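Chain by chain, the residues run as shown.
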Amino acid sequence: MASPQIVWLRRDLRLADQEAFHAAAARGPVIPVYVLDDESPKHRTMGGASRWWLHHSLASLASDLHKHSYRLILRRGRAAEVLVALARETGAGSIHALRHYEPWWRNAERELKESLPDGIKFIRHDGLYLLPPGTVTTGSGGPYKIFTPFYRAMRERLPPGEPLAVPELALPESWPESDKLEDWNLLPTKPDWSGSMNAAWQVGEGAAHEQLDAFAEHASKYEAERNLPAIDGSSRLSPHLHFGEISPRQVWSAFADRRGKGVESFLRELVWRDYAANVMLQFPDYPEHSYKVNFANLAWRDHQGEAAADLEAWKRGRTGYPIVDAGMRQLWATGWMHNRVRMIAASFLIKHLLIDWRVGERWFWDTLVDADYASNGTNWQWVAGTGVDANMFVRIMAPLLQSEKFDAAGYIRQWVPELAGLPDEVIHDPSDMERPDDYPPKIVEHRTARERALGAFREL
Ligand SMILES: Cc1cc2nc3c(=O)[nH]c(=O)nc-3n(C[C@H](O)[C@H](O)[C@H](O)COP(=O)(O)OP(=O)(O)OC[C@H]3O[C@@H](n4cnc5c(N)ncnc54)[C@H](O)[C@@H]3O)c2cc1C
């Protein structure tokens, strides 16, 4: 019998369109393993909301494998060490994995390759992105920094090809020991904040495809509706894509025969995910520092001192700005926030409260179910105006105007029930007289905040 092949899973928790499974299945019986590695990412271990999602995603994948009389092996520890030990223990001929690009995963892949004994191969495949990061280059062969030219160059290389079906898997002669998922304590207990998350999401590969099918029905309206938080106009595929329950290639190919403004606009957004990965590949610590180095000197307010109460109000959705509070409460309750509102809430923290964007990035890292090192960092730097692109710090969003412009009244009513009784004309910016007693006053006036931010910028 051919030697078993290990498939090392990380953010690729699916059976279909999974090159690692395919390649492994072609060589012998397959042992799929997920390693819970809290060591390699150091301070970038998964946040609470991501761990909640991970639990359910692993449970779903294990159950899908079980339908094929298969198992998902769970191990915990430093990935490279765990995999070397498992390969020895099972007599595996190869370890297959999809290439990951977070700096800690690139290190772990290198470490694994170097520490495997002779005769055991580590074989990497593509599949996390539409095209492998680093392969879309300028005429002179360099990487792109700006989205639009990157997008144009990507489009010339797309579509990404046909997705793969679920491969036939042969059973190994015996199964190695596995941890129990429940013992990993990925779900919150004290306190258990997951009630509203359970109500908001169906997790797993099957659910990802149902979500895609549901979105495809109204994708033609995406361009018109994507910026309106009161409407479910976007796909909500981000956590499914982040955990790889569905591949971007599968998403792309679902629209192969359909064009039009809505679909085009959606596919363009999907390319942002690839763009962010390309930025991360060029600048591995992009989410950790302002790319424009002079911002290291910006006089941010001290978020652990003078600005601590403001930061807390932002996190809890009690800033007195209804659109910001609705977004932050949606995030807290469901682990997700509408894209337009992410921009408004992030901008509010950075410009109105003059708190370092990295503090907000970390809060999102902990609370988003789609928290993604590349996408989160790239978007926070974009909003801050500190990043590789042309956006500028001095472009300050006016949250109340944004709220009106994007018709957020229904969204505010849903997430800020104290304001539910207010009419549309008032709800975006209730005066002191109209503001219910249980809703806080604005923690800072727009004009004052704007001047403070511009003043800090001028001092750079
Ligand atoms: C401050 C801030 C932080 C963000 N943090 C994250 C994050 O940690 N993880 C994350 O996946 N997205 C992040 N985004 C991008 C965007 O808000 C989400 O991808 C989007 O809201 C997810 O909803 P959706 O699946 O309905 O998106 P859709 O509009 O349906 O888009 C389809 C897919 O394209 C990708 N996508 C869309 N917009 C972007 C974008 N601007 N950048 C990167 N990918 C994009 C996502 O994978 C998304 O699922 C952030 C945006 C901001 C402004």
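Source: prediction; values computed, not measured. Position numbers for residues start from 1 in each chain and track the written sequence from start to end. A pLDDT threshold of at least 70 governs which residues receive local features in this predicted model, and a stricter bar of 80 or more applies before side-chain atom pairs are shown or counted, although totals over entire chains, interfaces and linings include all residues. As a convention, hydrogens and water are excluded, and side-chain values are obtained from all of the structure's heavy atoms.

Student: Let's hear about the site of the ligand: which residues, and what values?
Tutor: Taken together, 27 residues form the shell around the ligand, and within it Tyr222, Ser234, Ser235, Arg236 and Asn339 come nearest. Any pair of nitrogen or oxygen atoms within 3.5 Å is treated as a polar contact; in protein, a donor-acceptor pairing is required on top of that, and neighbouring residues in sequence qualify only through side-chain atoms on both sides. A distance of 2.6 Å is found between an oxygen atom of the ligand and a side-chain nitrogen or oxygen belonging to serine 234. At 2.8 Å from a nitrogen atom of the ligand is found a main-chain nitrogen or oxygen belonging to aspartate 370. Per-residue and other accessible areas were derived by the Shrake-Rupley procedure at a 1.4 Å probe size, with only the shown protein chains allowed to occlude residues. Protein chains bury 97% of the 810 Å² of accessible surface belonging to the ligand in isolation. Counting from the N terminus, the helices are the DSSP runs of H or I reaching at least four residues and the strands are the DSSP runs of E reaching at least two. Counting residues per element, the shell around the ligand draws most heavily on helix α11 (residues 261–282), at 5 residues. Proximity is defined per residue: if any heavy atom of the residue lies within 4 Å of a molecule or strand, that residue is considered near it.

Student: Outline the domain arrangement of the chain, supporting the account with residue identities and numerical values.
Tutor: A domain assignment, automatic or from a database, supplies the domain bounds used here. Taken domain by domain, the chain holds domain 1 (1–127), domain 2 (129–162 + 204–282) and domain 3 (287–458). Spacing between the C-alpha centres of domain 1 and domain 3 amounts to 38 Å. Contacts are assigned to residue pairs that have any heavy atoms within 4.5 Å of one another. At the junction of the two partners, domain 1 supplies 14 residues and domain 3 supplies 12 residues. Interface area for domain 1 against domain 3, summed over the two sides, is near 980 Å², with a carbon-plus-sulfur share of 47%. For domain 1, the biggest contributors to the area lost against domain 3 are His43, Arg44 and Ala49; these three give 50% of the whole. In the sections that follow, a salt bridge refers to a side-chain nitrogen of Lys or Arg positioned within 4 Å of a carboxyl oxygen of Asp or Glu. Put simply, domain 1 and domain 3 have 3 salt bridges between them. Of the charged contacts in the structure, one is a salt bridge between aspartate 372 and arginine 11, with a shortest N-O distance of 3.8 Å. Inspection of the domain 1/domain 3 interface yields 8 residue pairs in polar contact (both at pLDDT 80 or more). Summed over both partners, the accessible area (1.4 Å probe) lost when two parts come together is defined as the buried area.

Student: Can you tell me about the sheet that holds strand β4 (residues 94–98), naming the residues and giving the values?
Tutor: Working definition: the strands of a sheet are paired by backbone hydrogen bonds and lie parallel or antiparallel to each other. Strand pairing is assigned whenever DSSP detects at least two bridges linking the two strands. Taken in spatial order, the 5 strands line up as β3-β2-β1-β4-β5 in an open sheet, and their pairing is parallel. Of all strands in the sheet, those bounded by a partner on one side alone are β3 (73–76) and β5 (121–125). Geometrically, the sheet is characterised by an average inter-axis angle of 30° between neighbouring strands, direction not taken into account. Pairing analysis gives 4 bridges linking strand β1 (residues 5–9) to β4, with the strands arranged parallel. Paired with glutamine 5 across the bridge in β4 is serine 94. The sheet contacts of helix α2 (residues 48–67) involve β1, β2 (30–36) and β3, and relative to β2 the element is tilted by about 165°. Lines fitted to C-alpha atoms define the axes, with helix axes restricted to the stretch in contact, and inter-axis angles between N-to-C directions lie between 0 and 180 degrees.

Student: Which residues make up the pairing of β2, and what are the values?
Tutor: Among the 7 residues that make up β2, 7 are buried, leaving the element largely enclosed by the rest of the structure. When a residue's accessible area, from a 1.4 Å probe over protein chains only, is under 20% of the maximum for its type it is buried; when over 50% it is exposed; and in between it is partly exposed. Here β2 shows two buried faces, one formed by Val30, Pro32, Tyr34 and Leu36 and the other by Ile31, Val33 and Val35. Of the strand pairs in this sheet, β1 and β2 are connected by 5 bridges, and their pairing is parallel. Bridge pairing links leucine 9 to tyrosine 34 in β2. In the sheet, β2 pairs with β3 via 4 bridges, with the strands oriented parallel. Opposite valine 35, over in β3, you have arginine 75 as the bridge partner.

Student: Summarise the environment of serine 238; cite the residues concerned and give the values.
Tutor: For serine 238, the location among the structural elements is in helix α9 (residues 238–242). On the accessibility criterion, serine 238 (26% relative accessible area) is partly exposed. Distance in space between the C-alpha atoms of serine 238 and alanine 371 is 9.0 Å, their sequence separation being 133 residues. Sequence-distant contacts of serine 238, that is, excluding residues within four places in its chain, are made with Trp336, Arg342 and Asp370.

Student: Talk me through the side chain of threonine 90; I want residue IDs and the actual numbers.
Tutor: Mapping threonine 90 onto the fold places it in helix α3 (residues 79–90). For threonine 90, the side chain forms a polar contact with the main-chain oxygen of leucine 86, separated by 2.7 Å. Excluding its chain neighbours within four sequence positions, the residues that come into contact with threonine 90 are Pro4, Ile6, Ile31 and Pro176.

Student: Please set out the UniProt feature "domain: Photolyase/cryptochrome alpha/beta" (unreviewed entry) in the chain residue by residue, giving values where relevant.
Tutor: Mapped onto this numbering, the UniProt entry annotates "domain: Photolyase/cryptochrome alpha/beta" (unreviewed entry) at residues 3–130. The span residues 3–130 is 42% helix and 20% strand, and its two end C-alpha atoms sit 32 Å from each other. UniProt positions are given in the numbering used here, feature names are shortened, and annotations may be inferred rather than shown by experiment.

Student: Before we move on, could you go through helix α20 (residues 446–458) and cite the residues and values that matter?
Tutor: Along an α-helix, residues three or four positions apart point the same way, because every turn accommodates 3.6 residues. Along its 13 residues, α20 runs 18 Å from first to last C-alpha, staying within 8% of the 18 Å computed at 1.5 Å per residue. Listed in full, the buried residues belonging to α20 are Ala449, Ala453, Leu454 and Ala456. Around the axis of α20, the buried residues are gathered within 160° of arc, so they sit on the same side. Of the residues in α20, the exposed ones pointing more than 90 degrees away from the buried face are Arg447, Glu451 and Arg458. Summarising the contacts, the buried residues of α20 are in contact with α14 (339–352). One less than the number of residues in a helix, times 1.5 Å, gives the span that helix is expected to have. Arc definition: directions from the helix axis to the C-beta atoms.

Student: For α14, give the residues involved together with the corresponding values.
Tutor: With 14 residues, α14 extends 19 Å from end C-alpha to end C-alpha; this agrees with the ideal 20 Å at 1.5 Å per step. Most of α14 is tucked away, with 13 of its 14 residues classed as buried.

Student: Go over the UniProt feature "binding site: FAD" (unreviewed entry) in the chain with me, naming the residues and quoting the values.
Tutor: Per the UniProt annotation, the sites labelled "binding site: FAD" (unreviewed entry) are Tyr222, Ser234, Ser235, Arg236, Leu237, Ser238, Phe266, Asp370, Ala371 and Asp372. Considering the C-alpha atoms alone, the annotated residues occupy 151 residues of sequence and remain spread out, their largest mutual distance being 22.9 Å. Mapped onto the secondary structure, serine 235 falls in the loop between α8 (222–225) and α9. Those residues in contact with serine 235 that sit more than four places away from it in its chain are Gln211, Phe215 and Phe266.

Student: Please set out the packing of helix α13 (residues 322–334) against α14 residue by residue, giving values where relevant.
Tutor: The description of two helices packed together rests on the angle between their axes and the distance between the axes. Remark: α13 packs on α14, axes separated minimally by 9 Å, with the N-to-C direction vectors making an angle of 110°. By the criterion of interaxial angle, the relationship of α13 to α14 is roughly perpendicular. Here the hand of the crossing between α13 and α14 comes out left-handed. Residue-level inspection shows Ile323, Val324, Gly327 and Met328 of α13 in contact with α14, the latter providing Val341, Ile344, Ala345 and Phe348. By the convention adopted, Pro, Cys, Tyr, Trp, Phe, Met, Ile, Leu, Val and Ala count as nonpolar, Lys, Arg, Asp and Glu as charged, and the other residues, Gly among them, as polar. Here the residues of the contact of α13 with α14 sort into 7 nonpolar, 1 polar and no charged. Throughout this description, any angle smaller than 35 degrees is read as roughly parallel, any larger than 145 degrees as roughly antiparallel, any in the 65 to 115 degree range as roughly perpendicular, and the remainder as oblique. A clockwise turn of the near helix away from the far one marks a right-handed crossing, whereas an anticlockwise turn of less than a right angle marks a left-handed crossing.

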